[in-house]
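Working through the structure, step by step
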Amino acid sequence: MANISAPPGTQCGNFIVHYIDPTSEAIATAVLNCILNCPTALSAIVFNSLIMCAIWRENGLRSHANYLLAWLAMTDVLVGVVVQPLNIAIHAEVLIGKQNCIVHGVYDSVKFLCSLMSVVTALFISCDRCVAITFPFNYYSWMSATKTSITLILAWMFWIIVVASWTQGLAGRYVQLVCVSFLILTFVILSTIYAKMIKLAKQHQHQIDTHQPSDQQTGTDAVRHKKALKTAVFIIGALMVCYLPIVVVVLVDLVVGNKIDAVTRYMMVSYPETLVFINSTLNPIIYCLRSREIRAAVFKILNVCEKGRQITRTFTRTTSPTTRSPQVTRPRPNRIDNYDDDISGARQNNIDINDDVDGLQLKTENNHTT
């Protein structure tokens, strides 16, 4: 494991790791980015895990649109588990004045992969909403969770190969140019698609309200698709806001990167990267705010967890050893003996009653005789 401490730029495998002089600006940048990434990494893991668990547990949430949200949540969990901790390690290395090749290599690879897959999944979400709004009657026959899963798995494999080729130095800086071009093209496509879909959604809703007031199922599907479209608009909007700064920074770095010193480049890249990672926390918040069903399912899971903790605490209290005085166990009376005693008592009472009746009759006869 080779350490890099002094040289301004050291060849680390097939890429160069630049030494960051620990100036006051660089230290402030490292500390601030660590402070931002620590809580957002934890929130990304927890929030997105709750979203995936809610979609998996509730049958009513197992729709095609929610499957795509689950895929995006899985990518966001990977960001919180792997990418952000590595980002914190990169900034910590700046503070201690040492940099490690393996950490930088893994961080750059996973960062590119997760960022690209987030954009790809967002593109699939937009295409899904486009088909649902444009062809509402053919949507359920054309789209399925199996087809989407296979396509996304193939996309993951493709971008893994691309990132691996860049890591091994097979394509150099051209891979970065291709990735940035893909991001820009995707953003243009997303903006065009959603502008058209919002217009189509309004037209379809007007047609349903005017010509098909009795078709309740069609109206319900239209309302559901329109709500899912609005949720997707918020998700894509947040993604574009968080990703556009890093796209601009990478373009500037590709054009004039050699003319910028290492500290300035470090400060210029760090904040847009952290903004990209914060997007992984924003997505599940948007899900819960926009979808009442997902919000209810998440609260249900939290309620179950709280009840589980209460049961655990109760069980612990009941099974914990306590200092109680020993109780004297008394022998239980024989039920058969008690039963015989009851019979004997009842017979005795019957005899006493008969004696009383005989005595009353004898006294009545004596009165008549007198």
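Residues numbered from 1 in each chain as written. Predicted model: local features only at pLDDT ≥ 70, side-chain atom pairs only at ≥ 80, totals over all residues. Heavy atoms only, no water.

An unreviewed UniProt entry lists the chain under the name G-protein coupled receptors family 1 profile domain-containing protein, with Exaiptasia diaphana given as the organism. Of the chain, the UniProt comment under Subcellular location (unreviewed entry) reads exactly: "Cell membrane". Reading the Sequence similarities (unreviewed entry) entry of the UniProt record for the chain gives the comment "Belongs to the G-protein coupled receptor 1 family." (UniProt positions renumbered as here; feature names shortened; annotations may be inferred.)

Looking at the overall build of the chain
Regarding its fold elements, the chain presents 10 helices and 4 strands. Each helix and strand of the chain, placed in order from N terminus to C terminus, yields the pattern β-β-β-α-α-β-α-α-α-α-α-α-α-α. Residues classed as buried in the chain amount to 39% of the 370 residues present. For the chain, the share of sequence-separated contacts (at least 6 apart) that also reach a separation of at least 24 residues comes to 80%. With an accessible surface of roughly 21900 Å², the chain has 64% of that area assigned to carbon and sulfur atoms. (Helix = DSSP H or I, 4+ residues; strand = E, 2+ residues; numbered from the N terminus. Buried < 20%, exposed > 50% of the residue type's maximum accessible area, 1.4 Å probe, protein only. Contact = heavy atoms within 4.5 Å. Areas by Shrake-Rupley, 256 points an atom, 1.4 Å probe, with all protein chains shown as cover.)

Quick look at helix H2 (residues 64–96)
The terminal C-alpha atoms of H2, which comprises 33 residues, lie 48 Å apart, in line with the 48 Å expected from a rise of 1.5 Å per residue. The largest bend in H2 is about 40 degrees, located at Val 79. Immediately downstream of H2, the backbone of Gly 97 shows phi near 80 degrees, a positive value. (Expected span 1.5 Å × (residues − 1). Bend = angle between axes of the 7 residues up to and from the residue.)

A short note on helix H8 (residues 262–290)
Helical periodicity: at 3.6 residues per turn, an α-helix aligns residues three or four positions apart in one direction. The end-to-end C-alpha distance of H8 is 42 Å, a good match for the 42 Å that 29 residues give at a rise of 1.5 Å each. Its axis deflected by about 30 degrees at Thr 281, H8 carries its strongest bend there, up to four residues before the proline Pro 284. Of the residues flanking the start of H8, the one acting as N-cap is Asp 261, its side-chain oxygen 3.3 Å from the backbone nitrogen of Val 263. (Polar contact = N/O pair within 3.5 Å; in protein donor to acceptor, adjacent residues only side chain to side chain.)

A closer look at the confidence of the model for the chain
Residues with a pLDDT of 70 or more make up 69% of the chain, whose mean pLDDT is 75. Averaged over each element, pLDDT in the chain is lowest for strand E1 (residues 3–4) (39) and highest for helix H1 (residues 24–57) (92). Contacts for the low-pLDDT stretch residues 1–7, under 50 throughout, to residues beyond four places or in other chains number 18 contacts. (pLDDT = per-residue confidence, 0-100.)

Describing the UniProt feature "transmembrane region" (unreviewed entry) in the chain
UniProt annotation of "transmembrane region" (unreviewed entry) refers to residues 30–56, 68–90, 110–137, 149–168, 174–195, 232–256 and 268–289 when read in the numbering used here. Taken end to end, residues 268–289 is 100% helix and 0% strand, and its first and last C-alpha atoms sit 33 Å apart.

A word on the packing of aromatic side chains
Throughout the structure, instances matching the rule amount to 2 aromatic pairs. Geometrically, the ring pair formed by Phe 158 and Trp 159 is edge-to-face, given 5.1 Å between the ring centres and 70 degrees between the ring planes. Under the relative-accessibility criterion, Trp 159 is labelled buried at 6%. Taken together, a centroid distance of 5.1 Å and an interplanar angle of 55 degrees make the contact between Trp 159 and Phe 182 tilted. With Trp 159 in helix H5 (residues 145–167) and Phe 182 in helix H6 (residues 173–211), the pair connects residues that are 23 residues apart, well separated along the chain. (Phe/Tyr/Trp six-rings, centres within 6.5 Å; stacked < 30°, edge-to-face > 60°.)

Observations regarding the pattern of salt bridges
In total, this model carries 4 salt bridges according to the counting rule given. Across the pair Lys 300 and Glu 58 runs a salt bridge, and its minimum N-O distance is 3.4 Å. On the criterion of sequence distance, the pair formed by Lys 300 in helix H9 (residues 292–319) and Glu 58 in the loop between H1 and H2 is long-range, its members being 242 residues apart. Between Lys 111 and Asp 108 there is a salt bridge whose closest N-O contact spans 3.5 Å. On the criterion of helical spacing, the pair formed by Lys 111 and Asp 108 is a turn pair, its members being 3 residues apart in helix H3 (residues 101–134). Pair check on accessibility: Lys 111 and Asp 108 agree, each one buried. Sharing partners across several salt bridges, the network here consists of Asp 108, Lys 111 and Glu 273. (Salt bridge = Lys/Arg side-chain N within 4 Å of Asp/Glu carboxyl O.)

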